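# Structural features, examined
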Amino acid sequence: MRSTAVVAGGAGFIGYAFVSRLLNEGFHVIIVDNLATGTHRNVNDLLQEDYCEFVEHDVCESLAISGPVDYVVNLACPASPVDFSRIPVEIMRVCSEGTYNLLELALHKRADFLQASTSEIYGDPEVHPQHEDYTGNVNIAGPRAVYDEGKRYAETLIHTYHREFDMPMHIARIFNTYGPRMRPDDGRVVSNFCVQALTGQPLTLYGDGEQTRSFCYVDDLVEGLFRLMTSELAGPFNMGNSVETSVKELADKVIELSGSSSEIEHRPLLHPDDPKRRRPALDRVREALGYEPTTDLTTGLTQTLEWFRQVVSEQ
Ligand code: NAD
Ligand code: UDP
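First things first, this report covers the structure right here in the doc. (Residues numbered from 1 in each chain as written. Chains lettered and ligands numbered in written order. Predicted model: local features only at pLDDT ≥ 70, side-chain atom pairs only at ≥ 80, totals over all residues. Heavy atoms only, no water.)

This part covers the environment of phenylalanine 193. In this fold, phenylalanine 193 is placed in helix H6 (residues 189-198). C-alpha separation for the pair phenylalanine 193 and lysine 253, spaced 60 residues apart in sequence, amounts to 9.9 Å. Residues within four places of phenylalanine 193 in sequence aside, it is in contact with Leu203, Thr204, Leu205, Val247, Leu250, Ala251 and Val254. (Helix = DSSP H or I, 4+ residues; strand = E, 2+ residues; numbered from the N terminus. Contact = heavy atoms within 4.5 Å.)

Set out below in structure tokens:
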């Protein structure tokens, strides 16, 4: 008997890769997405496969799905810092009302719940690397808080359903993930730098470029998410790559790998509370799930540049 997964946010960047994996593993997948930041292209490509359906729906409204459901996966949420100021209320609503509606669906169907949480729940961390027990440093009044606090609220709500109703839950705290199918105008650093390098525009480096992130290739993340979803473990588990890179080093690497003659242009930080350092502690997830990313930055960026070359040539 085929397992059925409802994947909210399945039309997005990670959604495309995760739904592809589920279909390859023999799942029946029902994508629920309002295409706020997801794409018709992703949906159309996924619908070429058997056992894939698409429901265009805003998860802030309650949803009814017919038939049995074994897993509810919550990837629905705009994730680019550009969106934190562009659509702040929508972000708070999808994290709160959207997560509530998806939890109610899972409860009704007696399904497992997988949540795409985030390293942003640690805010601008005072502890390095970030371990799952660290409770974070979020500026609740800052512009990033709509996302950070929204995701924190979502985790708490999921824990509550787990305690109150014994709902099987799985929480992944995802660190910066990149790869093919990112949107060229998404606004996050990897997509910006790749498109800028390929079109000969200056790479926009915010702040002094010394801030760090740990960039994870999407296939490595999907492996972790799949292992977690099909396990009996609740987490939360950090998921990402533990190799830390400064944003300046990333800019240099994108220029080198793309063979671009673009220069680097310094710009002010988008938000004052831009995290200064970020790296996941992976010991817990390694031990529990055998999770170990295998794609290095050069390999991952090469694949990503390939994708953006195609996108840019179509524009
Ligand atoms: P994305 O913007 O490509 O995907 C988000 C998807 O959610 C889109 O398809 C969008 O249309 C959909 N969506 C948004 N609001 C919705 C709503 N109200 N109803 C239905 N669908 C809605 O971003 P992504 O990078 O693929 O992120 C997927 C998930 O992973 C998000 O929850 C994000 O917070 C989380 N995450 C991503 C990263 C990362 O580095 N990519 C890091 C941490 C957490
Ligand atoms: N950044 C940058 N140039 C850009 C976009 C982002 O220098 O064009 C920086 C940003 O200030 C942050 C880092 O790159 O320090 C990662 O930003 P991103 O938006 O990808 O995600 P974040 O980790 O901040 O959520």
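Let's shift gears to the packing of helix H1 (residues 13-24) against helix H7 (residues 218-229). Viewed as axis vectors pointing N to C, H1 and H7 meet at an angle of 55°, and their least axial separation amounts to 10 Å. One way to sum up the angle between H1 and H7 is to call them oblique. For H1 against H7, the interelement crossing comes out right-handed. Counting all contacts with H1, which are made through Phe13, Ile14, Ala17, Phe18, Arg21 and Leu22, the residues of H7 involved are Val218, Leu221, Val222, Glu223, Leu225, Phe226 and Met229. In the contact of H1 with H7, the residues fall into eleven nonpolar, no polar and two charged. (Axes fitted to C-alpha atoms, helices over the stretch in contact; angles between N-to-C directions. Parallel < 35°, antiparallel > 145°, perpendicular 65-115°, else oblique. Left-handed = near helix turned anticlockwise from the far one by under 90°. Nonpolar A, V, L, I, M, F, W, Y, C, P; charged D, E, K, R; others polar.)

What follows deals with the site of ligand 1. Around ligand 1, the surrounding shell holds 29 residues, and the nearest of these are Ile14, Asp33, Thr37, Tyr147 and Thr177. One of the side-chain N or O atoms of threonine 37 is found 2.6 Å from an oxygen atom in ligand 1. Between cysteine 77 and ligand 1, the recorded distance is 3.3 Å, taken from a backbone N or O atom to an oxygen atom. Contact with the protein chains removes 96% of the 820 Å² of surface that ligand 1 exposes when unbound. (Near = heavy atom within 4 Å. Polar contact = N/O pair within 3.5 Å; in protein donor to acceptor, adjacent residues only side chain to side chain. Areas by Shrake-Rupley, 256 points an atom, 1.4 Å probe, with all protein chains shown as cover.)

Pairing between sheet strands relies on hydrogen bonds along the backbone, with the strands arranged either parallel or antiparallel. Reading across the sheet, the seven strands line up as S3-S2-S1-S4-S5-S6-S11 and stay open at both edges, with parallel pairing between neighbours. Looking at strand neighbours, the two that pair on one side only are strand S3 (52-56) and strand S11 (237-239), the edges of this open sheet. Neighbouring strand axes in the sheet, compared pairwise and without regard to direction, differ in orientation by 20° on average. Sheet strands touched by helix H5 (residues 145-165): strand S5 (112-118) and strand S6 (169-174). Its angle to S5, the strand with the most contacts, is close to 155°. (Pairing = 2+ DSSP bridges.)

Counting across every chain of the model gives 23 salt bridges. Among the salt bridges present, the one from arginine 227 reaches glutamate 223, with a minimum N-O distance of 2.8 Å. Taken together, the positions of arginine 227 and glutamate 223, both in helix H7 and four residues apart, correspond to about one turn of that helix. When its relative accessible area of 32% is taken as the criterion, arginine 227 is described as partly exposed. (Salt bridge = Lys/Arg side-chain N within 4 Å of Asp/Glu carboxyl O. Buried < 20%, exposed > 50% of the residue type's maximum accessible area, 1.4 Å probe, protein only.)

Grouped together as the largest cluster of nonpolar side chains are 58 residues, with contacts concentrated most on Phe18, Leu22 and Met239. Among the elements that line this core, the one with the most residues is H1, at eight residues. If we ignore the near neighbours within four places in the chain, the residues touching methionine 239 are Ala172, Arg173, Ile174, Phe175, Leu221, Gly224, Leu225, Leu228, Val285, Leu289 and Tyr291. In this structure, Val94, Leu103, Ala111 and Phe113 belong to the second largest nonpolar core, which totals 31 residues. (Core = buried A, V, L, I, M, F, W, Y, C linked by side-chain atoms within 4.5 Å.)

Bringing helix H10 (residues 297-314) into the picture now. Helical geometry note: an α-helix holds 3.6 residues per turn, so side chains three or four residues apart project in the same direction. Given a rise of 1.5 Å per residue, 18 residues ought to cover 26 Å, and the 26 Å separating the end C-alpha atoms of H10 matches this to within 8%. Inspection of H10 places Leu297, Gly300, Leu301, Thr304, Leu305, Trp307, Phe308 and Val311 among the buried residues, and these make up the whole buried set. Seen along its axis, H10 keeps its buried residues to an arc of 165°; they face one direction. (Expected span 1.5 Å × (residues − 1). Arc of directions from axis to C-beta.)

Now for the site of ligand 2. What surrounds ligand 2 is a group of 18 residues, the closest being Glu120, Thr204, Tyr206, Arg213 and Asp274. Between ligand 2 and the protein, one listed contact pairs an oxygen atom with a side-chain N or O atom of asparagine 192 at 2.8 Å. Between ligand 2 and the protein, one listed contact pairs an oxygen atom with a side-chain N or O atom of aspartate 274 at 2.6 Å. When the free accessible area of ligand 2 is taken as 520 Å², the share hidden by the protein chains comes to 96%. Put simply, the parts of the chain that give the shell around ligand 2 at least two residues each are H6 and strand S8 (203-206). When the residues that make up the shell around ligand 2 are grouped by side-chain class, the tally is seven nonpolar, five polar and six charged.

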